[in-house]
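Notes for the structure review
Chain by chain, the residues run as shown.
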Amino acid sequence: MKMLNKIMLLAVLAILILPGCGSDDTGKGEAKLKLASSAEWTQRSDGLPNFQEHYGFEFPELAVVDLGLAYQAVGEGLAHVGIGDATEGRIVKYDLVVLEDDKAFFPAYNPAPLVRKDILETYPELEKIMQELSSRLDLKTLSMLNKKVSIDNEMPRDAARYFLLQEGLIKKEPPEQKDAGEIVVGGKTFTEALTLGYLTRYLLEDRGYKVVDEIGLGETAVITPALFSGQIDIYWEYTGTGLMNVMGYDEVVTVPRKCYELVKDWYLENHDVVWLDYAPANNTFVLFTSRELHEEHGWEKISDLGEYVSR
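Residues numbered from 1 in each chain as written. Predicted model: local features only at pLDDT ≥ 70, side-chain atom pairs only at ≥ 80, totals over all residues. Heavy atoms only, no water.

1. Focus: the overall build of the protein chain
The number of helices and strands found in the protein chain is 14 helices and 10 strands. Buried positions account for 50% of the 311 residues belonging to the protein chain. (Helix = DSSP H or I, 4+ residues; strand = E, 2+ residues; numbered from the N terminus. Buried < 20%, exposed > 50% of the residue type's maximum accessible area, 1.4 Å probe, protein only.)

Written out as structure tokens, the structure reads:
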């Protein structure tokens, strides 16, 4: 099966490498720098065109592949670098090295719990409860949680429960029923969002709340109105998504704290929604390379790729 997947990936790369590019392999010396990217990233305002202008170099070769195949392409030596999500489990699976965004191009995308103001006023202890969780979610932790689900085939609910037990945030035995209140927990539909939803559910249940489960309700266009209208009480959102997709903010903000303050103020003023403390993990776009090429060429930051191209 692994060999079949590699053959299929080779076929896709062979078809989708842009015309006019060379076909040197990625292993040694004078090979042309090849980027594996999803089609979406080549067209976004925070994607390839502005990236190349910002960093002052162009990739000699580009392979447009499904986002999930970029990690495999780099991990199996079919591309020099790939573009993907910072907390993607396949970065761990293929032992990929994330390059430093030394010229600060990629937007901030830190996850944080959003809660309706009236709910927080009713249950002010929620802020401290959720901060206990969010403070633990750094890049390594979220990546490993994602790997457990997307690579190791654990259910998001199982990965979430095991993590909370491991961190001592919940008790092994079911909690005593308390009348702490009822909270409707929502969540988006992709792997990380589902896991964040279940982390929230089990944590609140352990604290005695009755949780109404709306995890997996839908993506931004569905779940944001649900929160604003009071159909759900709390869910995890990304600062960059709130800024650009919901607020319609034109400027790319790369500093996590600045991005957080902008969305925090706007959501509270316009929709009576509170952004609680964000997690340390910044699930922005990242460029990554293989461990082998990292050690061979000494690539530590994105600017190193520009120097490689200009040789």
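2. Digging into the side chain of T284
Positionally, T284 belongs in the loop between β9 (273-275) and β10 (285-290). Reaching out from T284, the side chain makes a polar contact with the backbone oxygen of P107 at a distance of 2.5 Å. Once residues lying within four places of it in the same chain are set aside, the contact partners of T284 are G84, D85, A86, F106, P107 and Y109. (Polar contact = N/O pair within 3.5 Å; in protein donor to acceptor, adjacent residues only side chain to side chain. Contact = heavy atoms within 4.5 Å.)

3. A look at the sheet that holds strand β2 (residues 61-64)
Taken together, 5 strands build an open sheet; the order of strands is β2-β1-β3-β10-β4 and the sheet is mixed. With partners counted over all chains shown, the strands left at the sheet margins are β2 and β4 (96-98), one partner each. Each strand of the sheet is rotated relative to its neighbour by a mean of 30°, with strand direction disregarded. Bridging between β4 and β10 involves 3 bridges; their strand directions are antiparallel. By the bridge assignment for β10, L96 is matched with S290. (Pairing = 2+ DSSP bridges. Axes fitted to C-alpha atoms, helices over the stretch in contact; angles between N-to-C directions.)

4. Here's the deal with the pattern of salt bridges
In the structure shown here, the tally under the stated rule is 19 salt bridges. With a shortest N-O distance of 3.2 Å, D304 and K301 are connected by a salt bridge. Judged by relative accessible area, D304 falls into the buried class, the value being 10%. Among the ionic contacts, a cluster of salt bridges with common partners joins E132, K171, D206 and R207. (Salt bridge = Lys/Arg side-chain N within 4 Å of Asp/Glu carboxyl O.)

5. Notes on the packing of helix α6 (residues 126-134) against helix α9 (residues 191-206)
One way to put it is that α6 packs onto α9 with a least axis distance of 11 Å and a crossing angle of 130°. The angle between the axes of α6 and α9 places the two elements in the oblique class. Here α6 runs over α9; the crossing is right-handed. Residues L126, I129, M130 and L133 of α6 form the contact with α9, whose own contacting residues are L199, T200, L203 and L204. By residue class, the composition of the contact of α6 with α9 is 7 nonpolar, 1 polar and no charged. (Parallel < 35°, antiparallel > 145°, perpendicular 65-115°, else oblique. Left-handed = near helix turned anticlockwise from the far one by under 90°. Nonpolar A, V, L, I, M, F, W, Y, C, P; charged D, E, K, R; others polar.)

6. Here's the deal with helix α8 (residues 156-166)
Among all positions in α8, only P156, A159, A160, F163 and L164 are buried. Buried residues of α8, seen end-on, are gathered within an arc of 130° and therefore sit on one face of the element. For α8, the elements touching its buried residues are α6, α7 (139-150) and α9. Backbone geometry just downstream of α8 places G168 in the positive-phi region, at approximately 75°. (Arc of directions from axis to C-beta.)

7. Some words on unusual backbone geometry
At N153, a position not held by glycine, the phi torsion is positive, near 65°. Take N153: it is sitting in the loop between α7 and α8. On the basis of relative accessibility, which here comes to 65%, the residue N153 falls in the exposed class. At D272, a residue that is not glycine, the phi angle is positive and equals roughly 55°.

8. Details of α9
Compared with the 22 Å implied by 1.5 Å per residue over 16 residues, the 23 Å span of α9 between its first and last C-alpha is a close match. By the criterion of burial, α9 is predominantly enclosed, with 13 of the 16 residues buried. (Expected span 1.5 Å × (residues − 1).)

9. Some remarks on the pairing of strand β6 (residues 182-186)
Counting buried positions along β6 gives 4 out of 5 residues, so the element sits mostly inside the fold. Pairing of β6 with strand β7 (residues 210-214) involves 5 bridges; the strand directions are parallel. Each residue of the ladder has a partner; that of E182, found in β7, is K210. Once you follow β6 into α9 and on to β7, the crossover reads as right-handed. (Right-handed = clockwise from strand over helix to strand, strands pointing away.)

10. Some words on the environment of T191
Note on placement: T191 falls in helix α9. Counting along the chain gives 44 residues from T191 to K147, while the straight-line C-alpha distance between them is 9.5 Å. Beyond its immediate sequence surroundings of up to four residues, T191 is in contact with N146 and V149.

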